[in-house]
Amino acid sequence: TSLQYERLLSASGPTNGHVQRPSDSASPKRIAFLQCVGSRDQSHDYCSSVCCMYAAKEAIMTIEHARAEARGGNGQGEVDCQVFFMDTRAYSKGYEEYYRRAEKKYGVKYTRCRLSDVKEDPTTGNLMVRYSDPYEGNQQVVEEEFDLVVLSVGMEIGSSVKKLGHNLGIELDSYGFCHTTLFDPLQTSRPGIYVAGPFREPKDIPETVVEASGAAASAARLLAPSRHTLTQVQEYPNQRDVSLEEPRVGVFVCHCGSNIGGFLDVPGVAEYARTLPGVVHAEDNLYTCSQDSVAHIIEQVKALELNRVMVASCTPLTHEPLFQDALRQAGLNPYLFEMANIRNQCSWIHGSDWDAATEKARSLVRMAVARAAQLEPLETSEVPINKSALVIGGGAAGMTVALTLAGQGFPVHLVEREDRLGGNLRNVRTFVSDDGRPVERTPAEYLAEIVFQVRQHPLIETHLQSEVIGTGGFKGNFTSTLKSNDQQTKVQHGVTVVATGGVEYRGNEYGYGSDPRVVTQQEFEGMLANPEKSQQELDSIVMIQCVGPAERYCSRICCTTALKNALKLKEINPKADITIIYRDIRTYGFKERVYTRAREAGVRFIHYDFDRKPDVSVAEGPKGLQVRVSEPVLGRELRLAPDLLVLSMPVIPSPGARDLASLLKLPVDMDGFFLEAHVKLRPVDFSADGVFMAGLAHYPKLLDETIGQAQAAASRAASVLAQDSILTNARVAVVDPDRCVGCLTCVRICPYGVPTISGQYTGIGEIVGAAYIEAAVCHGCGTCVSECPARAIQLMHYTDAQTLNKVDALFDIDFSGFVPLKEIDLVDELMDEQV
């Protein structure tokens, strides 16, 4: 199964990451991945959502391992991977690109079919796969031989979980999944009990993490009156004063399973570290970030009286806080810690050359030790937190965030650029349920209800026809300027939530805009809801999926929306002839049941290849609208003359999203959607502290997913607002007033407008005084440090002495403790002369 194969690929697995066939330990040369095993079959009417992407991941990892082993002389060359599938459900952010990369870059072969048989060849022990490939222009049965077959198994609910659900008295479906409603997707049938993750519906890790945060927000609304009554503050020992001590550096080099240890000599690197100046202890660990290893580091710091710690492992972006906290537990200042990234910057990019990777790892460790010797303790201070929130966007996501935060007792400023609330929810006329049950409310009823709640809530202040035109400050203390008509208002807030939504793409593909018979799904949904238009006249409808930008990324909601509208038309006019032309039907999770209902209702589906898109011609007359598409099963071109052509246009970022991103200094992806800090670890956070996202601003999603993510963003925002104070950043720029000449370079260059001049203007326009940088406001970007012509500014934790020591160590120049190098003094003297 796929889970067993995952263990074979794992560095900590039974074969240490080397793929071996369980029967005879041979290295497989041909591997088949069979999709939809335990999903989309006669026993499971749902899609398990994750199988397509983990099959692509496992195929890519298999090929990467084989190539790395071949380059190192340990492998047997390339491995052929073939995936047998019905529809590839690459529906989430970045998934389409990953799927295409597997196919184009790694050569994974995708065969669209359903396998009929797998048998073992008793002579060779190999597996014979039998299938019919209708997409090769014939209906012949094909039989191929593979060394290994991986079953991409779906998700089921275990018996113990079903028993737990029954014991709790919550409603479960026939499979044991927890039943929830569209408008409150994390609330079970029993108040006070919430659900998150695959127990509600099969889903991937990012959606699971989002729902977990959303469920926490729902619970927090109930617990808000009791906040902090049972809080226990973690106690840390007093920090040891190491200012007068010689550097005593402890070095810990990580194998990371085979991620690092499989590509370079980790014990040899640790042995080399013992020879470096200032190092009193060096060792290698299998997983340095494990709980046991972290406890071991704390013990070693105390026992050996270490005053600096350097870990050579993976990226500090995710692991530095863990090790800094370990130093605090050991009684050291957390800024006496340094990391060398010998995974991302070494083993992953030099996997084909053991000796070169080992030598580079030694250099990285040598540089990190040199910098560690110069590290100094840094102090932070506490600043009070403004306990209000700014939510940008008044659609379903923004209103849900506002209500969730206000329900926890936090004031909210809700900013909407239009003259009314609702966003895209105003364009939704019908909902479709996954289980066939009637939806309890119409979109209009739900919209009216949530707008009423927002307007009536005493803690929510709504700013209509308003835009954010300026912002400043830092997490816990932001100041933003709102513009409404010609008036400006300043708002103080502790967090910002971006929920600016998205819009339907309106490009000219397939003749859109040139003929009224070519419409979008949003326009078609409006037509279906208009009682003045007789839908009985629409006898023939053609829908085309994946239009325009949807060729680059999956817009996630288009397939479900198309099926919803097709079923609605069938309800109005059962005789209507509906044809959906698609690349992949991506009705993931329980939305697979909507796909099934559409087929049962007589909706016809025609697949087209990515490189052979449908052709549309528009002319006057009853049959003037023509759609031609190559039908792969029949092996011929079909010509359709519909009464109406409906294009499934994707969701694109709302106008002004990039301008807002620039204003707030937030990243966007290549498609213009806001980019989260980490797709799995921080799926609703920005890399900028104190700023969060929700809804279509992040990526296209359906209403229940929007509500869940909005609750998650509110949960993350509340984790800041619930605090009374926050520690300032210690990595800040500090001005030496004796060297500053008041040239205003830092004032002009700072992207956050932090530096000020503390002096007075003279009569000739000169400034007498020095620059001043408020530590509580500084973001620590270092721009002013690099631009200061007098070198009067230092960035704490990245000072010139620390950085130059590290650079000198790269070239193996001798370095010694805290004594500044002659090169630094020489540069200082030259700069003094220039000033």
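Residues numbered from 1 in each chain as written. Predicted model: local features only at pLDDT ≥ 70, side-chain atom pairs only at ≥ 80, totals over all residues. Heavy atoms only, no water.

## Quick look at the confidence of the model for the protein chain
Across the protein chain, the average pLDDT comes to 91, with 94% of residues at or above 70. Across residues 815–824, confidence stays below pLDDT 50; counting only partners more than four residues off in sequence or on other chains, it has 26 contacts. (pLDDT = per-residue confidence, 0-100. Contact = heavy atoms within 4.5 Å.)

## Brief notes about the pattern of salt bridges
The final tally for this structure, using the stated rule, is 51 salt bridges. Note that Lys568 is salt-bridged to Glu571, the shortest N-O span being 3.6 Å. Of this pair, Lys568 and Glu571 both sit in helix α14 (residues 558–572), three residues apart, roughly one helical turn. On the basis of relative accessible area, Lys568 is assigned to the partly exposed category, the value being 25%. Several salt bridges share partner residues, and in doing so they unite Arg40, Asp87, Arg89, Glu96, Arg100, Glu103, Arg112, Arg583, Asp584, Arg586 and Glu592 into one network. (Salt bridge = Lys/Arg side-chain N within 4 Å of Asp/Glu carboxyl O. Helix = DSSP H or I, 4+ residues; strand = E, 2+ residues; numbered from the N terminus. Buried < 20%, exposed > 50% of the residue type's maximum accessible area, 1.4 Å probe, protein only.)

## Details of the nonpolar core
If you look at the biggest cluster of nonpolar residues, it comprises 43 residues, and the most contacted ones within it are Met399, Val401, Leu405, Leu414, Ile460 and Leu703. Of all the elements in the fold, those that place two or more residues in this core are β13 (389–392), α11 (396–407), β14 (412–415), α12 (443–456), β19 (495–498) and α17 (703–721). Apart from the residues lying within four places of it in its own chain, the contact partners of Val401 are Val391, Val497, Ala694, Ala710, Ala713 and Ala714. Formed by 26 residues, the second largest nonpolar core is a distinct cluster that contains Phe33, Met53, Ala102 and Val150. (Core = buried A, V, L, I, M, F, W, Y, C linked by side-chain atoms within 4.5 Å.)

## A short note on the packing of helix α13 (residues 521–528) against α14
Direction vectors running N to C along α13 and α14 enclose 25°, while the axes themselves pass 10 Å from each other. The angle between the axes of α13 and α14 places the two elements in the roughly parallel class. For the crossing formed where α13 meets α14, the hand is left-handed. The segment α13 lies against α14, with Gln521, Phe524, Glu525 and Leu528 engaging Thr561, Ala562, Lys564, Asn565, Lys568, Leu569 and Ile572. (Axes fitted to C-alpha atoms, helices over the stretch in contact; angles between N-to-C directions. Parallel < 35°, antiparallel > 145°, perpendicular 65-115°, else oblique. Left-handed = near helix turned anticlockwise from the far one by under 90°.)

## A closer look at empty space enclosed by the protein
Following the criterion strictly, the structure yields six cavities of 30 Å³ or more and no others. The calculated volume of the largest cavity comes to roughly 370 Å³. Pro206, Glu207, Arg556, Lys701 and Glu705 are, among the 29 residues lining the largest cavity, the residues nearest its centre. Counting only elements with at least two residues in the lining of the largest cavity, the list comes to α5 (205–223) and α17. Considering only residue class, the lining of the largest cavity consists of 12 nonpolar, five polar and 12 charged. (1 Å grid on protein atoms, 1.4 Å probe; cavity = no way out; pocket = protein on both sides within 12 Å on 5 of 7 lines; lining within 4 Å. Points joined across faces, edges and corners; volume = space filled by probe spheres on them. Nonpolar A, V, L, I, M, F, W, Y, C, P; charged D, E, K, R; others polar.)

## Notes on the environment of His65
If you trace the backbone, His65 turns up in helix α2 (residues 51–71). One polar contact links the side chain of His65 to the main-chain carbonyl oxygen of Gly17, over a distance of 3.1 Å. (Polar contact = N/O pair within 3.5 Å; in protein donor to acceptor, adjacent residues only side chain to side chain.)

## Looking at the pairing of strand β3 (residues 109–112)
Consecutive side chains along a regular strand alternate between the two faces of the sheet. When strand β2 (residues 80–85) meets β3, the two strands line up parallel, connected through four bridges. Bridge pairing in β3 places Phe85 opposite Arg112. Regarding the hand of the β-α-β motif, the stretch spanning β2, helix α3 (residues 95–104) and β3 is right-handed. (Pairing = 2+ DSSP bridges. Right-handed = clockwise from strand over helix to strand, strands pointing away.)

## Some words on the packing of α5 against α17
At a minimum axis distance of 7 Å, the contact between α5 and α17 shows a crossing angle of 65°. It follows from the interaxial angle that α5 and α17 lie roughly perpendicular. Here α5 and α17 pass one another in a crossing that is left-handed. From α5, Val210, Ser213, Gly214, Ala216, Ala217 and Ser218 reach across to α17, where they touch Gly708, Gln709, Gln711, Ala712, Ser715 and Arg716.

## Concerning the side chain of Thr481
Inspection of the secondary structure puts Thr481 in strand β17 (residues 477–484). Using a relative accessible area of 11% as the deciding quantity, one classes Thr481 as buried. Within the local environment of Thr481, its side chain forms a polar contact with the side chain of Lys490, the two groups lying 3.1 Å apart. Setting aside chain neighbours within four positions, we find Thr481 in contact with Glu467, Val468, Ile469, Gly470, Gln488, Thr489 and Lys490.

## Notes on the sheet that holds strand β8 (residues 249–254)
In sheet architecture, strand pairing relies on hydrogen bonds along the backbone and comes in two forms, parallel and antiparallel. The parallel open sheet is built from four strands, whose spatial order is β9-β8-β10-β11. Looking at the sheet topology across the chains shown, the edges are occupied by β9 (279–285) and β11 (337–341). Adjacent strand axes in the sheet meet at a mean angle of 15°, parallel and antiparallel pairs treated alike. Of the strand pairs in this sheet, β8 and strand β10 (residues 308–313) are connected by five bridges, and their pairing is parallel. From the neighbouring strand, Phe252 faces β10, where its bridge partner is Val311. Taken strand by strand, helix α6 (residues 266–273) contacts β8 and β9, and its axis lies near 175° from that of β9. Those strands touched by helix α10 (residues 354–372) are β8, β9, β10 and β11, and its axis lies near 165° from that of β11.

## Some details on the packing of aromatic side chains
All told, the structure shown has 20 aromatic pairs when counted by the stated rule. Pairing Tyr46 with Tyr175 gives two aromatic rings, centres 5.0 Å apart and planes at 85°, and the pair type is edge-to-face. On the criterion of sequence distance, the pair formed by Tyr46 in the loop between β1 (30–37) and α2 and Tyr175 in the loop between α4 (159–168) and α5 is long-range, its members being 129 residues apart. Summarising the burial analysis for this pair, Tyr46 and Tyr175 share the class buried. Centroid distance Tyr99 to Tyr110: 5.0 Å. Interplanar angle 80°. Geometry classified as edge-to-face. (Phe/Tyr/Trp six-rings, centres within 6.5 Å; stacked < 30°, edge-to-face > 60°.)

## With respect to helix α8 (residues 316–329)
Here α8 spans 19 Å end to end across 14 residues, near enough to the 20 Å set by a 1.5 Å rise per residue. Among all positions in α8, only His319, Glu320, Phe323, Gln324, Ala326 and Leu327 are buried. In a view along the axis of α8, the buried residues occupy a sector of 155°, so they form one face of it. N-capping of α8 is provided by Thr315, with a side-chain oxygen placed 3.0 Å from the backbone N of Leu317. Backbone geometry just after α8 places Gly331 at a positive phi near 90°. (Expected span 1.5 Å × (residues − 1). Arc of directions from axis to C-beta.)

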